[in-house]
Number of protein chains: 2
Amino acid sequence: MAVAREGETESSQFAPTLQTTDPSNTKGFSQTLQGTFAESEKVQLSQFSQTLQTPVASHENERRRDWVLNVPEPPGLFSNLKTSFKKTVLRPLENKLQCLGKQPVLALISILNIIFPPLSWCKEYNVTKFKRDILAGLTLASLCIPQSIGYATLAKLDPQYGLYTSVIPPLIYAMMGTSREIAIGPVAVVSLLLSSMIQKLEDPIANPIAYRKFVLTVTFFAGTFQAAFGLLRLGFLVDFLSHAAIVGFMAGAACVIGLQQLKSLLGISNFTNKTDIISVLTSIGNSMHTLSPFSFIIGSSFLIFILSTKYYLARKYKKLFWLAAMAPLLSVILSTLVVFLTRADKYGVKIVKHITGGLNPSSVHELQFNSPHTAEAAKIGLIVALVALTEAIAVGRSFATMKGYRLDGNKEMLAMGVMNITGSLTSCYVATGSFSRTAVNFNAGCETAVSNIVMAVTVLISLEFFTRLLYFTPVAILASIILSALPGLINISEAKYIWKVDKMDFLACAAAFLGVLFVSVETGLLLAVGISFAKIILNSIQPGTEKLGRLPESDLFGDVEQYPIATKTPGALIVRVRSALLCFANANFIRGRILNLAGEEHDEGAIENCDQDRVQLVILDMSNLLNIDTSSIAALEELQNELESNGMQLALANPRWHVIHKLKLANFLKKIEERVYLTIGEAIEACLISKNMLPI
Amino acid sequence: MAVAREGETESSQFAPTLQTTDPSNTKGFSQTLQGTFAESEKVQLSQFSQTLQTPVASHENERRRDWVLNVPEPPGLFSNLKTSFKKTVLRPLENKLQCLGKQPVLALISILNIIFPPLSWCKEYNVTKFKRDILAGLTLASLCIPQSIGYATLAKLDPQYGLYTSVIPPLIYAMMGTSREIAIGPVAVVSLLLSSMIQKLEDPIANPIAYRKFVLTVTFFAGTFQAAFGLLRLGFLVDFLSHAAIVGFMAGAACVIGLQQLKSLLGISNFTNKTDIISVLTSIGNSMHTLSPFSFIIGSSFLIFILSTKYYLARKYKKLFWLAAMAPLLSVILSTLVVFLTRADKYGVKIVKHITGGLNPSSVHELQFNSPHTAEAAKIGLIVALVALTEAIAVGRSFATMKGYRLDGNKEMLAMGVMNITGSLTSCYVATGSFSRTAVNFNAGCETAVSNIVMAVTVLISLEFFTRLLYFTPVAILASIILSALPGLINISEAKYIWKVDKMDFLACAAAFLGVLFVSVETGLLLAVGISFAKIILNSIQPGTEKLGRLPESDLFGDVEQYPIATKTPGALIVRVRSALLCFANANFIRGRILNLAGEEHDEGAIENCDQDRVQLVILDMSNLLNIDTSSIAALEELQNELESNGMQLALANPRWHVIHKLKLANFLKKIEERVYLTIGEAIEACLISKNMLPI
């Protein structure tokens with residue numbers, strides 16, 4: 001705070017005697033004194049400064065209080081909504097249209113750039129980059145083909161649907177997406193989510209065609225929701241699953257997926273339809289007599305091979321990461337050869353058998369909008385859309401930050417939406433960005449989304465020519481490939497970090513994990529979202545208060561618990577509400593708290609027989625109160641009355657915009673107007689120093 | 001802010017030349033200069049002060065940053081819960097027990113005082129006060145008897161149950177309650193709530209005994225819940241119905257009650273069981289042929305009489321208020337005489353007929369805890385308990401504030417609980433504090449709860465001797481009495497006030513009103529609570545940001561929209577989040593907002609070709625952020641990276657206790673430690689002035 005003000009200028013340059021002509025500067029001045037003079041001189045000075053305190057109201061402070069009291073009217077609820085709609089939807093559209101009128105060619109290019117973001121890096125694309133993209137794309141394809149077949153079986157679809165999903169969606173995304181690393185295709189969690197939710201309505205074994213139609217319809221809805229979110233700029237929706245909830249949910253889903261793979265790995269029949277750990281383990285226990293030892297030996301030995309390349313070789317020798325990426329394909333080839341040569345399928349080893357080859361067939365006629373389950377399909381579509389987007393955007397964003405460019409959430413949503421709508425018309429189920437394959441793509445040195453195109457073309461060629469070769473592939477090997485991808489979904493160090501930083505966040509994380517593992521995938525999701533929002537409510541209305549004290553040699557006031565060096569101001573109780581809302585749910589509790597605090601301090605002063613130290617003034621620091629409601633205004637009025645009847649006064653410091661406006665509308669301001677201040681310091685000065693109550 | 005600090009003392013007394021020895025004071029000093037010198041001298045001074053800015057880190061600011069960075073560890077979730085349990089439950093108990101050991105007599109008296117608060121005013125009670133209480137009690141009884149009979153019929157019970165409820169509960173409350181004005185007995189809203197919820201499970205006409213047993217069981221549960229809330233000190237629970245919701249709910253309930261009275265007033269049969277306005281009006285329309293004109297004439301003429309005494313005579317001649325209070329009883333007497341003399345009951349006027357007289361019979365054996373509906377009874381009991389408490393505490397508190405004493409919410413709950421439990425054992429249904437009768441009690445000059453005792457005794461005498469006289473009382477007159485009490489429940493001016501102050505609050509109010517009126521009483525309640533909590537969530541996570549500017553001649557920074565006089569600091573963008581929580585639901589949106597703002601300002605600087613004005617520093621004022629979670633820490637890290645890659649820096653100012661602690665745990669503090677400051681001013685000084693970037 002400036003000691004002197006503009007306008008007084010030259011004559012008062014730092015000469016203490018001259019300061020006496022201006023009573024308004026008493027506080028700043030006396031503080032300066034306090035800081036400057038040694039203890040021994042303080043007594044004399046305090047007498048000196050007390051003579052300065054005239055009852056004339058401080059002119060400067062009056063002016064500052066004017067700033068607080070006469071604020072412009074804040075925008076109302078409706079005008080706020082209007083402005084934000086204009087800003088996010090109308091203005092960009094208008095700009096584009098105006099531009100189109102004036103410079104149609106440039107505008108067209110900019111619109112094309114918006115719809116097809118890859119155009120922005122197209123010009124700089126060259127042969128070197130293309131070579132790297134080809135390499136990355138081929139690596140990706142070698143991992144993608146076995147994974148896609150595995151995930152299709154997890155989604156309870158025929159294997160070729162996984163491959164279809166690795167063709168069309170990546171092609172569309174490569175044209176419309178803003179991420180350069182993300183690898184598009186079927187993923188484990190979405191496959192699990194689809195099968196676990198849909199098989200309650202349509203049996204995939206008894207009625208596979210109806211089941212497939214349902215999956216495609218859900219895919220169409222999911223794509224439509226995603227595109228709509230993107231167009232309506234609702235990118236924030238993916239944030240409604242908190243980071244902690246995602247960590248818990250992913251780990252739970254990984255465990256559930258792993259449990260599902262035990263069926264193929266052990267080669268048992270009679271498996272349960274439920275996904276929770278208890279049902280699955282019971283079911284496995286009951287079916288152990290159908291176990292196929294050859295399946296288990298093949299599956300587990302290749303699982304060890306894949307895991308050891310991934311977690312031992314690739315980590316030890318960074319250059320061998322391609323081996324880890326190729327290991328699944330190698331395992332498929334080797335195991336297929338082994339089965340073909342030994343004809344192990346005759347000894348109980350289940351094999352993939354016939355995979356329909358050829359291009360993606362059209363599935364326009366398979367979408368069903370008149371079935372009794374359409375509403376259910378839309379609901380499942382919404383959930384799947386959000387989960388798929390959450391995974392894709394989390395993956396894409398982390399790699400974009402690593403490479404130093406920014407992902408546009410809304411464009412991503414639109415791209416995902418269009419690719420899934422197109423997918424649903426060409427026999428694909430829900431595709432999204434895969435955690436594990438994106439990492440492989442990045443490590444393989446991809447430059448742009450061209451690697452996705454290379455991958456899609458490779459998968460397409462395989463579909464056309466090589467599906468017959470997969471006839472003897474053992475099912476157990478697909479289980480091994482899925483199992484080997486799961487450890488990447490379980491992030492124990494992140495869970496530990498969450499526990500360390502925020503216990504409530506960890507609760508959401510643990511609830512999501514346990515919910516998925518012990519009840520069902522949807523329950524886990526619901527629990528996580530529920531706890532996350534309950535936490536927001538609890539945090540917002542927690543009825544805590546904190547006492548503030550003055551920080552040494554400053555006009556700043558801080559929580560006495562946070563800043564143990566802060567000192568109490570005798571005669572005043574300074575409190576702040578530990579919440580941003582003073583509302584019906586906490587106002588009365590806080591009123592009681594403040595009253596108790598004031599009563600305690602008041603009585604303390606009385607016991608010490610030190611009348612000057614008795615609390616005479618309760619200052620409510622409102623700087624962090626963003627809003628109040630009518631209940632809390634009533635509580636404030638009551639608080640003021642109760643304090644007054646106990647011989648104390650209430651003062652308000654630094655009210656925010658909406659708060660001061662509402663106090664004004666409610667006519668409460670009139671009752672307390674002379675005790676509303678810009679800062680706590682000014683409140684103390686005006687109410688105590690000016691009445692000669694505060695010892696300096 | 002003090003210009004000089006302790007420890008430098010004498011030698012540097014206000015002499016500007018000496019200040020140059022201490023580079024740490026540059027800012028305070030240069031601001032002082034700014035304020036003190038006239039414009040013409042500024043140029044010279046700014047050169048002067050720039051020479052002061054040595055690269056040596058400011059010592060004083062270092063010390064302040066230390067305060068921010070090295071805070072004690074805040075209490076965790078569990079220790080917080082433990083402390084608050086100790087504070088609110090264990091400590092008071094311990095104190096009592098300790099006291100009991102040392103001074104058993106005094107302690108016993110204090111415990112008795114706690115259980116029976118009236119003991120505190122017992123000593124000062126005298127004959128004058130007793131006379132006034134008798135007068136008030138008699139006035140109260142004259143209003144209470146007809147109202148109780150009316151409310152019993154509203155609750156679909158026999159008339160005597162209303163009278164029973166006006167005997168035992170007021171006696172218990174008089175011994176245990178802390179309010180001195182409240183009038184206890186059956187009230188309209190609770191009667192409606194009971195009948196509307198219970199008649200879905202048990203038909204009051206087909207099976208009146210089972211219905212009555214159910215009502216008594218619900219009363220027992222309601223009392224138990226209330227007593228438990230009081231013992232567990234859960235007084236804050238009554239706050240979960242916001243003021244606005246209560247206004248809407250009461251008005252809706254009044255309309256619904258009024259509609260129900262049309263049956264008796266019009267003397268029609270075939271009335272619907274539903275309470276919503278559409279069903280009731282349809283039902284009345286269909287039954288108009290059964291209308292009894294005599295009923296209507298008697299009822300409406302006495303209604304006009306009661307209303308005119310209440311709203312005309314009593315307002316014009318204050319002393320005639322007793323006439324308004326007696327008018328219902330007068331109407332009952334007169335109308336009974338008229339019917340008795342004309343034998344109008346033979347011409348279609350429905351009469352009360354036999355009312356069982358005598359003392360409250362025991363109803364211990366009527367409580368049912370083994371019926372299949374017990375869980376439902378407990379649920380209804382909980383809802384009724386909360387609504388009854390809300391009404392009683394709202395009434396009691398407003399009169400206590402008027403008389404200048406404080407109501408203890410927890411003791412009130414305990415008193416209400418005990419009185420309803422006792423009531424349920426003595427044939428009473430749920431009693432609570434009545435709006436209308438409490439006002440009459442206050443106006444009649446009651447001094448203490450003795451007026452309740454007088455009333456209860458009077459009702460008891462009437463039950464014993466006068467019930468036979470009510471045989472010919474027309475039912476229509478009871479409807480008139482209830483109708484005349486309803487306008488007091490509809491508070492239009494309060495609704496207008498809520499609309500003026502808070503539009504979202506009004507939404508909760510209107511939803512409660514319309515929900516009760518058009519759907520059902522429970523729906524209205526549910527809507528009101530739901531909207532109130534949705535509002536809290538919206539307010540807490542609204543992803544708004546506001547730019548801050550420096551207030552003239554101070555080191556304070558305020559929202560530039562709230563304080564139009566605030567000025568921007570060239571080179572720095574100062575933002576504050578318009579929310580108390582930076583969490584998963586808003587962190588990414590806010591990150592994007594800040595990034596956009598910074599980008600805009602950065603580009604503006606570039607356009608104006610004024611390199612010094614380009615934003616180099618983004619200061620995030622965290623003073624109102626109460627908490628963050630792991631998602632938001634990740635968003636902050638991302639924000640920092642993105643700003644850095646655009647040539648800007650992120651600085652944090654004034655983080656709160658839990659925030660700085662979590663940033664530390666998350667290791668984010670290490671990355672940004674050198675840019676965390678106590679105030680915005682220090683951040684600007686350290687980052688810009690020290691680098692000669694800010695023009696002085």
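As annotated in an unreviewed UniProt entry, chain A carries the name STAS domain-containing protein and is attributed to Anisodus acutangulus. If you open the UniProt record of chain A and go to Subcellular location (unreviewed entry), you find "Membrane".

**Student:** For this particular structure, what's the right way to read the overall build of chain A?
**Tutor:** Regarding its fold elements, chain A presents 29 helices and 10 strands. Counting the 696 residues in chain A, one finds 50% classified as buried. Taking the intrachain contacts of chain A between residues at least 6 apart in sequence as the baseline, contacts between residues at least 24 apart amount to 80%.

**Student:** How should the packing of helix H17 (residues 374–403) of chain A against helix H18 (residues 409–425) of chain A be read in this particular structure?
**Tutor:** Each pair of packed helices can be summarised by the angle the axes make with each other and by the distance between the axes. Residues and elements named next belong to chain A. With their axes 11 Å apart at the nearest point, H17 and H18 run at an angle of 130° to one another. Here H17 is positioned oblique relative to H18, judged by the angle of their axes. The handedness of the crossing between H17 and H18 comes out as right-handed. In this structure, H17 contributes Ala-388, Leu-389, Ala-392, Ile-393 and Gly-396 to the contact, and H18 contributes Gly-409, Glu-412, Met-413 and Met-416. In terms of residue class, the contact of H17 with H18 is made up of six nonpolar, two polar and one charged.

**Student:** Help me out: how do you make sense of the pairing of strand E3 (residues 545–550) of chain B in this one?
**Tutor:** All names here are of chain B. Of the pairings in the sheet, the one linking E3 to strand E5 (residues 572–577) comprises three bridges and is antiparallel in character. Bridge pairing in E5 places Lys-547 opposite Val-575. As judged from the three bridges shared by E3 and strand E4 (residues 557–559), these two strands associate in the antiparallel manner. Each residue of the ladder has a partner; that of Arg-550, found in E4, is Phe-557. Taking the residues that link successive antiparallel strands as the turn, the E3-E4 hairpin has six residues, and the phi of Glu-553 there is positive, at about 50°.

**Student:** Before we go on, may I ask you to explain helix H4 (residues 59–69) of chain B in this structure?
**Tutor:** One full turn of an α-helix is made of 3.6 residues, so residues set three or four places apart face in the same direction. Residue and element names in this part refer to chain B. Looking only at H4, the buried set comprises Glu-60, Asn-61, Arg-65 and Val-68. Projected down its long axis, H4 carries its buried residues within an arc of 135°, all on one side. Away from its buried face by more than 90 degrees, H4 exposes His-59, Glu-62 and Asp-66. Looking at the buried residues of H4, the elements they touch are helix H27 (657–665), strand E10 (676–677) and helix H29 (680–687).

**Student:** Explain the sheet that holds E10(B) to me, please; I cannot follow it from the model alone.
**Tutor:** The strands that make up a sheet are held in pairs by hydrogen bonds between backbone atoms, and each pair lies either parallel or antiparallel. Residues and elements named next belong to chain B. In spatial order, the strands read E4-E3-E5-E7-E9-E10; together these six strands make up an open sheet with mixed pairing. Sheet topology places E4 and E10 at the edges, where each strand pairs with a single neighbour. The pairing of strand E9 (residues 649–653) with E10 spans two bridges and is parallel. For Ala-653, the partnering residue across the bridge sits in E10 and is Tyr-677. Against the sheet, H29 touches E3, E4, E5, strand E7 (617–621), E9 and E10, its axis set at about 145° to E9.

**Student:** Looking at this structure, how should I read the sheet that holds strand E7 (residues 617–621) of chain A?
**Tutor:** Residues and elements named next belong to chain A. The six strands lie next to each other as E4-E3-E5-E7-E9-E10, forming an open sheet whose pairing is mixed. Sheet topology places strand E4 (557–559) and strand E10 (676–677) at the edges, where each strand pairs with a single neighbour. Running over the sheet, helix H26 (residues 630–645) touches E7 and strand E9 (649–653) and is turned about 140° from E9.

**Student:** Looking at this model, I keep getting lost on the pairing of E9(A). Mind explaining?
**Tutor:** Looking down a regular strand, the side chains alternate between one sheet face and the other. All names here are of chain A. Most of E9 is tucked away, with four of its five residues classed as buried. Relative to E9, E7 runs parallel, the two being bridged by five bridges. Bridge pairing in E9 links Asp-621 to Ala-653.

**Student:** Before we go on, may I ask you to explain the environment of A:Gly647 in this structure?
**Tutor:** Mapped onto the secondary structure, A:Gly647 falls in the loop between H26 and E9. For A:Gly647 and A:His602, which are 45 residues apart along the polypeptide, the C-alpha to C-alpha distance reads 9.4 Å.

**Student:** How should I be thinking about H29(B) in this particular structure?
**Tutor:** In terms of burial, H29(B) is a largely internal element, eight of the eight residues being buried. For H29(B), the full list of buried residues reads B:Ile680, B:Gly681, B:Glu682, B:Ala683, B:Ile684, B:Glu685, B:Ala686 and B:Cys687.

**Student:** Honestly, the packing of helix H23 (residues 503–519) of chain A against helix H24 (residues 521–541) of chain A in this entry has me stumped. Any pointers?
**Tutor:** Residue and element names in this part refer to chain A. Relative to each other, H23 and H24 sit at 165°, their axes nearing to 7 Å. Classed by the angle they form, the pair H23 and H24 counts as roughly antiparallel. Crossing handedness for the pair H23 and H24: right-handed. On H24, the residues that touch Met-504, Leu-507, Ala-508, Ala-511, Ala-512, Gly-515, Val-516 and Val-519 of H23 are Val-521, Thr-523, Gly-524, Leu-527, Ala-528, Ile-531, Ser-532 and Lys-535. Class assignment of the residues belonging to the contact of H23 with H24 gives a composition of 11 nonpolar, four polar and one charged.

**Student:** Looking at this structure, how should I read the environment of B:Leu639?
**Tutor:** All names here are of chain B. Inspection of the secondary structure puts Leu-639 in helix H26 (residues 630–645). Leu-639 gets classed as buried once you count the C-beta atoms within 10 Å, which come to 22. Each C-alpha atom, one on Leu-639 and one on Asn-588, is 9.1 Å from the other, the two residues being 51 residues apart in sequence.

**Student:** Explain unusual backbone geometry here, please?
**Tutor:** When glycine is set aside, most residues are seen to have a negative phi, and most peptide bonds are trans. Residue and element names in this part refer to chain B. With a phi close to 65°, Ser-427 is a non-glycine residue in the positive phi region. Relative to the assigned elements, Ser-427 resides in the loop between helix H18 (409–425) and strand E2 (432–433). Judged by the 24 C-beta atoms lying within 10 Å of it, Ser-427 falls in the buried class. Unusually for a residue other than glycine, Asn-654 sits at a positive phi of about 50°. Within the secondary structure, Asn-654 sits in the loop between E9 and H27.

**Student:** What am I meant to see in the confidence of the model for chain A here?
**Tutor:** Low-confidence regions, as indicated by low pLDDT, have predicted coordinates that should not be scrutinised in detail. Mean pLDDT over chain A: 81, with 88% of residues reaching 70 or higher. Here residues 1–57 of chain A scores under 50 on pLDDT; set against residues more than four positions off or in separate chains, the count is 85 contacts.

Thresholds, definitions, all that
Residues numbered from 1 in each chain as written. Chains lettered and ligands numbered in written order. Predicted model: local features only at pLDDT ≥ 70, side-chain atom pairs only at ≥ 80, totals over all residues. UniProt positions renumbered as here; feature names shortened; annotations may be inferred. Helix = DSSP H or I, 4+ residues; strand = E, 2+ residues; numbered from the N terminus. Buried ≥ 20, exposed ≤ 12 C-beta atoms within 10 Å, placed from the backbone. Contact = placed C-beta atoms within 7 Å. Axes fitted to C-alpha atoms, helices over the stretch in contact; angles between N-to-C directions. Parallel < 35°, antiparallel > 145°, perpendicular 65-115°, else oblique. Left-handed = near helix turned anticlockwise from the far one by under 90°. Nonpolar A, V, L, I, M, F, W, Y, C, P; charged D, E, K, R; others polar. Pairing = 2+ DSSP bridges. Arc of directions from axis to C-beta. pLDDT = per-residue confidence, 0-100.

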